[in-house]
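If you want the building blocks of each chain, they are given just below.
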Amino acid sequence: MTAARGTDGVLVDRYGRVARDLRVSLTDKCNLRCTYCMPAEGLPWLAGPQLLSDDEIVRLVRVAVERLGVTEVRFTGGEPLIRPGVVGIVAAVAALEPRPRISLTTNGLGLDRLAPALRAAGLDRVNVSLDTLDAARFARLTRRDRLADVLAGLAGAAAAGLTPVKINSVLMRGVNDDEAPALLRFALAHGYELRFIEQMPLDAQHGWDRAAMVTADEILATLRTGGDASTEGNARSGGDAGTGFDLTPDPAERGAAPAETWLVDGGPARVGVIGSVTRPFCGDCDRTRLTADGQVRACLFATEESDLRGALRAGADDDELARRWRAAMWGKRAGHGIDDPTFLQPARPMSAIGG
Ligand code: SAM
């Protein structure tokens, strides 16, 4: 399918997809060191002047909302809660007309403390990343002994009304792939919505291995059987290992949502699987991304970026910024191409793009 070039209005690409969901990275830094994301020593972080200021972020989001048809804004990172101005940025975006829906993806550290202020500022909901319920395993996986803080963050988000609170989990073979049923039981018990995400080739260390990846099909099969009752991990997690879930396709319209969802034991509770690698949804993708240093990316896996920070600091007006943003999105590729033999992992890792 081809489309009319987007010189005016929305962020359309040559395949006719329209981007309405903006992911904004507030920082490339993080206070965890998840082994599948970055090395123990961290990464060469962006220097202060390279980062967009709070006002620059709000201006670009305003251009996206007022001129480019963006209706959803998700703040991410790195870890967005470590940006000092996060509450003010949320408040400024919530004051835009038309008001976008606003969400935030976080590792949950400090969320119990910040949730009420974020809610009051206009944040609608959060996604919290949690890959294990076992404290020792959490410390190994994230290189920080902070499981209790994440659990407090989840509870704080729910108490502040940042609902539905969603949990993102990445399963890795031999690391936490035995925990899918326990994670789902935990989510059901607390009223959180769980989504499993297939691991993608976006790690700073370039250690991703397709053959080792836990696939969407495997995750669903494990949930249906309840996993292996004899595994140490399940026992440690306190789940009723061995009792499977009845998963039926969710009749709700999926739209551009990356997660395929299933009703659990007849519903209304649901579980989602984001099969980015084995069940790509690029044809329905409605995302545009802004990095913490002001680069537009049409795709997580794009190898090209379009510099809005330079234009903005050189005095570009809103029309010019909108024109550049449209041009960047017009060139969005049909798909991420992970299965293509010529696939090249983008230079920036997930943490620097904004996951
Ligand atoms: N710090 C925040 C957090 O932890 O949610 C936001 C940034 S983090 C990069 C966003 C999400 O990306 C997390 O759920 C994390 O597990 C996930 N992630 C990181 N690397 C990934 C990879 N290679 N494949 C799939 N998901 C990944």
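Residues numbered from 1 in each chain as written. Predicted model: local features only at pLDDT ≥ 70, side-chain atom pairs only at ≥ 80, totals over all residues. Heavy atoms only, no water.

Describing the UniProt feature "binding site: [4Fe-4S] cluster 1" (unreviewed entry) in the chain
Under the UniProt annotation, the feature "binding site: [4Fe-4S] cluster 1" (unreviewed entry) is placed at Cys30, Cys34 and Cys37. Tracing the backbone shows Cys30 in the loop between β3 (21-25) and α1 (54-67). By relative accessible area, which is 19% here, Cys30 ends up buried. Beyond its immediate stretch of four places on either side in the chain, Cys30 contacts Met38, Trp45, Gly78, Glu79, Ile82 and Asn107. On the accessibility criterion, Cys34 (15% relative accessible area) is buried. Apart from residues lying up to four places away in sequence, Cys34 is in contact with Leu141, Thr142 and Arg143. (UniProt positions renumbered as here; feature names shortened; annotations may be inferred. Helix = DSSP H or I, 4+ residues; strand = E, 2+ residues; numbered from the N terminus. Buried < 20%, exposed > 50% of the residue type's maximum accessible area, 1.4 Å probe, protein only. Contact = heavy atoms within 4.5 Å.)

A word on the packing of aromatic side chains
Inspection of every chain in the model, using the stated rule, returns two aromatic pairs. Relative to Tyr192, the ring of Phe186 lies with its centre 5.9 Å away and its plane at 55 degrees, an arrangement referred to as tilted. Relative accessible area serves as the criterion here: at 15%, Phe186 is assigned to the buried category. Residue Tyr192 is classed as buried on the basis of its relative accessible area of 7%. (Phe/Tyr/Trp six-rings, centres within 6.5 Å; stacked < 30°, edge-to-face > 60°.)

Brief notes about the layout of surface pockets
In this structure, the second largest pocket occupies an estimated 180 Å³ of space. Taken together, 16 residues line the second largest pocket, and the ones lying closest to its centre are Ala298, Ala302, Glu304, Ala328 and Gly331. If you list the elements that add at least two residues to the lining of the second largest pocket, you get β13 (295-297) and α10 (318-330). A class-by-class count of the residues in the lining of the second largest pocket yields seven nonpolar, four polar and five charged. (1 Å grid on protein atoms, 1.4 Å probe; cavity = no way out; pocket = protein on both sides within 12 Å on 5 of 7 lines; lining within 4 Å. Points joined across faces, edges and corners; volume = space filled by probe spheres on them. Nonpolar A, V, L, I, M, F, W, Y, C, P; charged D, E, K, R; others polar.)

Observations concerning the nonpolar core
Phe75 and Trp325 are the most contacted members of the largest nonpolar core, which totals 99 residues. If one sorts the elements of this core by residue count, α1 sits on top with seven residues. When near neighbours in sequence (up to four residues on either side) are disregarded, Phe75 contacts Val24, Leu26, Pro80, Ile89, Val90, Val93, Ile102, Ser103, Leu104 and Thr105. (Core = buried A, V, L, I, M, F, W, Y, C linked by side-chain atoms within 4.5 Å.)

Points about unusual backbone geometry
Of note, the amide linkage connecting Thr163 to Pro164 takes the cis form, showing an omega dihedral of 0 degrees. By the element assignment, Pro164 lies in the loop between α5 (147-159) and β7 (166-170). Unlike most non-glycine residues, Arg143 shows phi in positive territory, near 60 degrees. Of the residues examined, Arg143 reaches a relative accessible area of 30% and is grouped as partly exposed.

Observations concerning the UniProt feature "binding site: [4Fe-4S] cluster 2" (unreviewed entry) in the chain
If you check UniProt for "binding site: [4Fe-4S] cluster 2" (unreviewed entry), the listed places come out as Cys282, Cys285 and Cys299 in our numbering. The annotated residues occupy 18 residues of the chain but converge on a single region, no pair of C-alpha atoms lying more than 9.2 Å apart. Of the residues annotated just before, the second largest pocket has Cys299 among its lining. The topology assignment puts Cys282 in the loop between β11 (270-274) and β12 (287-290). Looking at the element boundaries, Cys299 is found in the loop between β13 and β14 (306-307). Not counting residues within four places of it along the chain, the set of residues in contact with Cys299 comprises Arg289 and His336.

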